[in-house]
Amino acid sequence: MIISNPKGTQDFLPLQSGQKHLVETRFRETVGLYGFSEIVTPTFEHTELFLRSTGLTTDIITKQIYQFIDKGGRDITLRPEGTPGIVRAVLQYNLKLPVRMFYIGPMFRYERPQKGRYREFYQLGVEAVGEIGPDIDVEIIEIGSRFFTGLGLKDVITKVNSVGCAVCRPKHRTELGLFLERNKAKICDDCKGRAERNPMRIFDCKEATCQELYINAPKIVDYLCFDCQQHFQSVLNELVERKIPFELNKMMVRGLDYYTRTAFEFVSSSSELGAQDSLGGGGRYDNLVEDFGGPKTPAIGFALGLERIMLALGTPRPIRKAVYIIPLDPSIQKQGKELLRLLRNANIPALLNNPDKNLRAGLGIADNLACEYVIIIGSEEVKKQIYTVKNLVKRTQKQVPQNQIIEVLTNKENQS
RNA sequence: GUGAGUGUAGCUCAACUUGGUUAGAGCACUUGACUGUGGCUCAAGAUGUUGGGGGUUCAAGUCCCCUCACUCACCCCA
């Protein structure tokens, strides 16, 4: 092979593509229950949009964006996440608030690929703009929880925390800064860097010694202002009320600059995921709309990583559903075509064997094409008007009168 | 950006510490036993610039250097 796909991208071959579609369908169903409608925004935006939202201190913006000048001299960036484009659209079209939207699409970040991390990757996300909460906070978390359960993912933990707001954060930041200053001899080099750039991120450190030390570090939840405290308490109460399993994790922080108040993350303990065990996360971003020049507007959302969800689900089983028709003799091709038309008109996926392939070869092709049934039509069958219907999965076959075939195939779930 | 590991047939891998003739095996593939029954069995068959380039050597898949690619981890994040 001379040309392969670029680093960090991946092909969804038919089998994976089927699984991807299943995940997306389940997502649409779940968010639909909560009144979310789809929004589709461009995969690239003016670079400035991301600079002003995602954050000038984040690695995503400083190192990971796919940025270029287009032929008209515009400064363009492939979106590294979905939220900024959606907030932009809300303001640009002056959408009536509150509004609940979801999105599915590719995002782009220039990073070193590893398990569960790609340069082009798909996110499933929701954004609720204009609702102050705390009910909507709980709804959003519940959606994620319900979605994962519906997919059959059992080992997903929902971590919840509050990161405060512009009022309470400075106080905490000062205290945390002092704490780090006092202990700077004990913290790792990475954390020294974090202390400079964005101190709250130290809680993410994987060094055991740092983790141990930070157990006694000042936590943001202990510094919340009255309003944030009230809000957070209501969220926690409502989570309990709705019987949504979660874990209050004071060390959990989010990576993007714009988050405020409620923050959460869905973590999987599946061994399929490697080091990237976060299936998704989100939180409030009550200042972002205002930062963009809009009115003061509360908002909350989350984003989930499609590829990570697929990894956690494991290797998909092929779904067999088509019927493969094999007329045994060229003279019977006519009956084969007739049946083909009949099945398709009855909404049953069907394929016809090529006359130059014999029965043996035809069965092999049917198997490769992941067909569920093979219908064999020979001279005997034509004479009696009773066709041979073979189930490729169960390895069984039976004679079915020609005029009952559709009925039998349609009710296949009910038979043994 | 940092670190480690791996590149041999379509896929998974072997060929060892100690370079030595024609680079092997399983799966998959093709054909036949089986012109009305695939995934079982048996027989036969095809397949390689050993990722690429350079070096050492009488001799390199094997040793050295460079380069490219992939993987995992750090960083960061979905």
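Check the entry above for the structure.
Just so it is clear, the model here is predicted, and its values are computed rather than measured. The numbers attached to residues start from 1 for each chain and follow its sequence in the written order. Lettering of chains starts at A and numbering of ligands starts at 1, both following the order in which they are written. The predicted nature of this model means local features are confined to residues of pLDDT at least 70 and side-chain atom pairs, given and counted, to a pLDDT of 80 or more, with totals for whole chains, interfaces and linings taken over all residues. Here the side-chain values reflect all heavy atoms present in the structure, with hydrogen atoms and water set aside.

Trainee: Explanation requested: the overall build of chain A in the structure shown.
Mentor: For helices the rule is a DSSP run of H or I covering at least 4 residues; for strands it is a run of E covering at least 2, with both sets numbered from the N terminus onward. Of regular secondary structure, chain A possesses 15 helices and 16 strands. In this setup the radius of gyration rests on C-alpha atoms only. A globule is expected at 2.2 Å times the number of residues raised to 0.38. For chain A, whose C-alpha radius of gyration is 28 Å, the value lies well above the compact-globule estimate of 22 Å for 416 residues. Projected onto the principal axes, the alpha-carbon positions of chain A cover approximately 90 × 55 × 50 Å. Looking at chain A as a whole, 50% of its 416 residues are labelled buried. Residue contacts are defined here by distance: any two heavy atoms, one from each residue, within 4.5 Å place the two residues in contact. Taking the contacts inside chain A whose residues are at least 6 apart along the sequence as the reference set, 69% of them involve residues at least 24 apart. Only the protein chains shown count as covering a residue, and every accessible area follows the Shrake-Rupley method with a 1.4 Å probe. Accessible surface for chain A amounts to roughly 21600 Å². Of this, 51% is attributable to carbon and sulfur atoms. A 1.4 Å probe rolled over the protein chains alone gives each residue an accessible area, and that area as a share of the maximum for its type sets the label: buried under 20%, exposed over 50%, partly exposed in between.

Trainee: Hey, could you run me through the pairing of strand E16 (residues 396–401) in this one?
Mentor: Note on strand geometry: in a regular strand, side chains alternate between the two faces of the sheet. As judged from the 6 bridges shared by strand E15 (residues 386–391) and E16, these two strands associate in the antiparallel manner. Pairing of Asn-391 across the sheet is with Thr-396, part of E16. Linkage of E15 to E16, two consecutive antiparallel strands, is achieved through a turn of 4 residues, within which Arg-395 is found at a positive phi near 60°. When DSSP finds two or more bridges between two strands, those strands count as paired.

Trainee: Would you explain the sheet that holds strand E9 (residues 260–268) in this entry?
Mentor: Strand pairs in the sheet, formed through backbone hydrogen bonds, run parallel or antiparallel to each other. Read from one edge of the open sheet, 8 strands run E1-E5-E6-E11-E10-E9-E7-E8, paired in mixed fashion. For this open sheet the edge positions go to strand E1 (37–38) and strand E8 (247–248), each flanked by a neighbour on one side alone. Inspection of the sheet shows strand E7 (residues 156–162) paired to E8 by 2 bridges, in the parallel sense. Considered in E8, the bridge of Val-160 is made with Leu-248.

Trainee: Is there a simple way to explain helix H6 (residues 169–182) in this structure?
Mentor: Given 3.6 residues to a turn, an α-helix orients residues that are three or four positions apart in the same direction. Working rule for helices: expected span equals 1.5 Å times residues minus one. Taking 1.5 Å per residue, 14 residues should reach 20 Å; H6 reaches 20 Å between its end C-alpha atoms and fits that length. Summarising the contacts, the buried residues of H6 are in contact with helix H7 (189–197) and helix H8 (208–214).

Trainee: Quick question: what am I supposed to make of the protein's contact with RNA strand B here?
Mentor: For this description, a residue counts as near a given molecule or strand if any of its non-hydrogen atoms is within 4 Å of it. RNA strand B sits among 47 residues. The nearest are Arg-109, Arg-117, Arg-194, Arg-360 and Arg-395. For RNA strand B, the backbone makes up 46% of the atoms found within 4 Å of the protein, where backbone means sugar plus phosphate. Distance and chemistry together define a polar contact, namely a pair of N or O atoms within 3.5 Å, with one atom able to donate a hydrogen and the other to accept it when in protein, and with adjacent residues in sequence counting only for side-chain atoms on both sides. In the environment of RNA strand B, a phosphate oxygen lies 3.2 Å from a nitrogen or oxygen atom belonging to the side chain of Gln-114. Interatomic distance of 2.9 Å between a side-chain N/O atom of Arg-308 and a base oxygen of RNA strand B. Counting residues per element, the ones that place at least two in the surface near RNA strand B are helix H3 (59–62), strand E6 (120–129), H7, strand E10 (278–284), strand E11 (299–305), helix H13 (359–368), helix H14 (379–384) and E15. Class assignment for the residues of the surface near RNA strand B results in 12 nonpolar, 15 polar and 20 charged. The classification used treats Ala, Val, Leu, Ile, Met, Phe, Trp, Tyr, Cys and Pro as nonpolar, Asp, Glu, Lys and Arg as charged, and all other residues, Gly among them, as polar.

Trainee: Teacher, can you tell me more about the state of the cysteines here?
Mentor: Each disulfide consists of one covalent bond between the sulfur atoms belonging to two cysteines. Sulfur atoms of two cysteines make up a disulfide when they are within 2.5 Å. For the structure on display, the rule yields 0 disulfides. We note that Cys-225 lacks a disulfide partner, and the nearest cysteine sulfur, in Cys-228, lies 3.6 Å from it.

Trainee: For this particular structure, what's the right way to read the pattern of salt bridges?
Mentor: Should the charged atoms of two oppositely charged side chains come close, the side chains can pair. We define a salt bridge as a side-chain nitrogen of Lys or Arg found within 4 Å of a carboxyl oxygen belonging to Asp or Glu. Under the counting rule described, the total for this entry stands at 23 salt bridges. Among the ionic pairs, Glu-139 bridges to Arg-242, the shortest N-O distance being 3.1 Å. Here Glu-139, found in helix H5 (residues 135–151), pairs with Arg-242, found in the loop between helix H9 (226–241) and E8; they are 103 residues apart in sequence, far enough to count as distant. Given a relative accessible area of 16%, Glu-139 falls into the buried group.

All quantities given are derived from atomic positions and should not be read as evidence of function.
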